[in-house]
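# Fold and geometry: a report
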Amino acid sequence: MTPDPDTARAQVQEAADVLRDRAGDAARVGIILGTGLGALADEIEVRETVPYEDVPHVPAPTVESHSGRFLAGRLRGVDVLAMQGRFHLYEGYTPWQVTLPVRVFAALGIETLLISNAAGGMNPLYRRGDLMLVTDHIHLQGSNPLTGANVDAWGPRFPDMSEPYDPALRQAAADAALERGVRLREGVYASVLGPNLETRAEYRFLRQAGADVVGMSTTPEVIVARHAGMRVLAVSVVTDECFPDALEPVVLADILAAAAEAEPRLTQILGDVVATLA
Ligand code: HPA
């Protein structure tokens, strides 16, 4: 829930001031890197690194597979501000805390948001390690970052969600995948609260609801980014196969291994998309 508008605006302002002082405000592209998917950061010519703990109101991540810092620099000729490590509702953060960095991005003038995540594949055609361009989502986390007072200066009370994922950015990603010979699926991402993985019955339910993959992140950030009028692209890495009638137990190590295997392809695609924004 958004705090009262004065508190909300003050928190975003204070965080944005610190990031602007330390890292500048040249970036027009923001990047949020998901579980096990931090390697894109290695491609950034980093100018400044700002640990989350140095930025007021930005929480410290609790998940070991995520490091916690902002990286400002240039990627493929474009000024970017990246988050290496993201916040999840299952860590106990409020929707406001999880999405505060996106508000800060908007306050710094960032217009485009690129997001990666790890997700379980429910579409039977998908295989572990596949990349999926998110074409739409089903937000099932039981809370919404836009509840509470609406800050009208940030966006409308009832933001449109008819096309949360920018068609031109999606086309750029599809073109890049074709060019590089990388298989890029296109589908619907369902977000759940977690932290447990789903039961067979839940995977069956989510698949019947129209989702191709399921994960525990992304949709709060996308909702806030769309509220703020940002263009959004999201790519999922299928880290496990969630076929209810042939389900195998999954452990985090397997998810991280699949993410690591897919990471070079993801990095190429996102890098190519950024290059089109130069
Ligand atoms: N379910 C939810 N989140 C996930 C999964 C899953 O199977 N795999 C990776 N993130």
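Residues numbered from 1 in each chain as written. Predicted model: local features only at pLDDT ≥ 70, side-chain atom pairs only at ≥ 80, totals over all residues. Heavy atoms only, no water.

- Under an unreviewed UniProt entry, the name given to the protein chain is Purine nucleoside phosphorylase, and the organism recorded is Rubrivirga litoralis.
- The UniProt entry for the protein chain carries the following text under Sequence similarities (unreviewed entry): "Belongs to the PNP/MTAP phosphorylase family." (UniProt positions renumbered as here; feature names shortened; annotations may be inferred.)

## A look at the environment of T199
- You can see T199 is positioned in the loop between β7 (184–191) and α5 (200–208).
- In the structure, T199 is positioned 164 residues away from T35 in sequence and 21 Å away in space, judged by C-alpha atoms. (Helix = DSSP H or I, 4+ residues; strand = E, 2+ residues; numbered from the N terminus.)

## A look at the packing of aromatic side chains
- What the rule picks out here adds up to five aromatic pairs.
- Ring geometry for F70 against F105: centres 6.5 Å apart, planes inclined by 70°, an arrangement best described as edge-to-face. On the criterion of sequence distance, the pair formed by F70 in strand β3 (residues 69–75) and F105 in helix α3 (residues 95–107) is long-range, its members being 35 residues apart. For the pair formed by F70 and F105, the shared burial category is buried. (Phe/Tyr/Trp six-rings, centres within 6.5 Å; stacked < 30°, edge-to-face > 60°. Buried < 20%, exposed > 50% of the residue type's maximum accessible area, 1.4 Å probe, protein only.)

## As for the packing of helix α4 (residues 167–180) against helix α7 (residues 252–275)
- Here α4 crosses α7 at 125°, and the two axes come no closer than 9 Å. The angle between the axes of α4 and α7 places the two elements in the oblique class. Note that α4 runs across α7; the crossing there is right-handed. Here L169, A172, A173, A176, A177 and R180 of α4 lie close against α7, whose contacting residues are Q268, I269, D272 and V273. (Axes fitted to C-alpha atoms, helices over the stretch in contact; angles between N-to-C directions. Parallel < 35°, antiparallel > 145°, perpendicular 65-115°, else oblique. Left-handed = near helix turned anticlockwise from the far one by under 90°. Contact = heavy atoms within 4.5 Å.)

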